[in-house]
Amino acid sequence: LIMGSDPRVAVNQIKTEGECLRMLLESHLVGFPSVIDWADNWIAVLDDPPIELIEVSMSRRRGYDLANLLSEIPGVADVAQMWRMLMGQLVQILVESPDCDRAGARALYQWAIVDCVPFPGARDHMFQFDDALELAVDGVFGDCGSVRLEMLNFLRDCASETATMSEMPVASRRNRS
């Protein structure tokens, strides 16, 4: 947890992590229980958690409704840190669950479509993985292992600075109930 004497640091960290989780949730790369666990972990360490965080914790909503609650968390997201977290979390998900390669490539593609990219020039790379993986899976061109390796290298480069989700065990992220 990144917490100091200034409570705005915690609020902004929560907002940054919440935005990262929102994008992963909307892309079906994390599940409802993971979001609830994340909110519960923050609530446990804060003296006065934001009501919006409590609403996430107590929510029985799923999918986009829960994503909307995450977007309502107050604070100012550190966009650069959010992208490092997002790409780092995606690396962990793909390393631990190779069956998620297509979902990861699809998420990158969808983010690129709406021009939601970590840095100028990333958009072209983000588009290519979904197409390259489709061609490899269909046996038209290339092989899945090479595309996977290239995608992981891209994600690792994007996550090069240390930024991790607070108290969010990797194993719980895949629970998509």
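1. Concerning helix H6 (residues 101-113)
Since the α-helix advances by 3.6 residues per turn, residues separated by three or four positions end up pointing in the same direction.
1) Next: Taking 1.5 Å as the rise per residue, H6 with 13 residues should run 18 Å; its terminal C-alpha atoms sit 18 Å apart, in good agreement.
2) Next: Looking at the residues trailing H6, positive phi occurs at Asp 115, about 60 degrees.

2. Here we look at the pattern of salt bridges
1) Next: Summed over the entire model, instances satisfying the criterion amount to eight salt bridges.
2) Next: We note a salt bridge from Glu 19 to Lys 15, for which the minimum N-O separation is 3.5 Å. Residue Glu 19 and its partner Lys 15 are both found in helix H1 (residues 7-26); the two are separated by four residues, about one turn of the helix.
3) Next: With relative accessibility at 13%, the residue Glu 19 sits in the buried group.
4) Next: Between Glu 134 and Arg 102 there is a salt bridge whose closest N-O contact spans 2.2 Å. Here the residue Glu 134 occupies a position in helix H7 (residues 122-137), and Arg 102 occupies one in helix H6, the gap between them amounting to 32 residues.
5) Next: Given a relative accessible area of 25%, Glu 134 falls into the partly exposed group.
6) Next: By sharing partners, the salt bridges in this structure join Lys 15, Glu 19, Arg 22 and Glu 26 into a single network.

3. Brief notes about the environment of Ile 54
1) Next: Along the polypeptide, Ile 54 turns up in helix H3 (residues 51-58).
2) Next: On the basis of relative accessibility, which here comes to 26%, the residue Ile 54 falls in the partly exposed class.
3) Next: In sequence terms Ile 54 and Ile 36 are 18 residues apart; their C-alpha atoms lie 9.5 Å from each other.
4) Next: For Ile 54, the contacting residues outside a window of four places in its chain are Ile 43 and Pro 49.

The rules behind these values
Residues numbered from 1 in each chain as written. Predicted model: local features only at pLDDT ≥ 70, side-chain atom pairs only at ≥ 80, totals over all residues. Heavy atoms only, no water. Helix = DSSP H or I, 4+ residues; strand = E, 2+ residues; numbered from the N terminus. Expected span 1.5 Å × (residues − 1). Salt bridge = Lys/Arg side-chain N within 4 Å of Asp/Glu carboxyl O. Buried < 20%, exposed > 50% of the residue type's maximum accessible area, 1.4 Å probe, protein only. Contact = heavy atoms within 4.5 Å.

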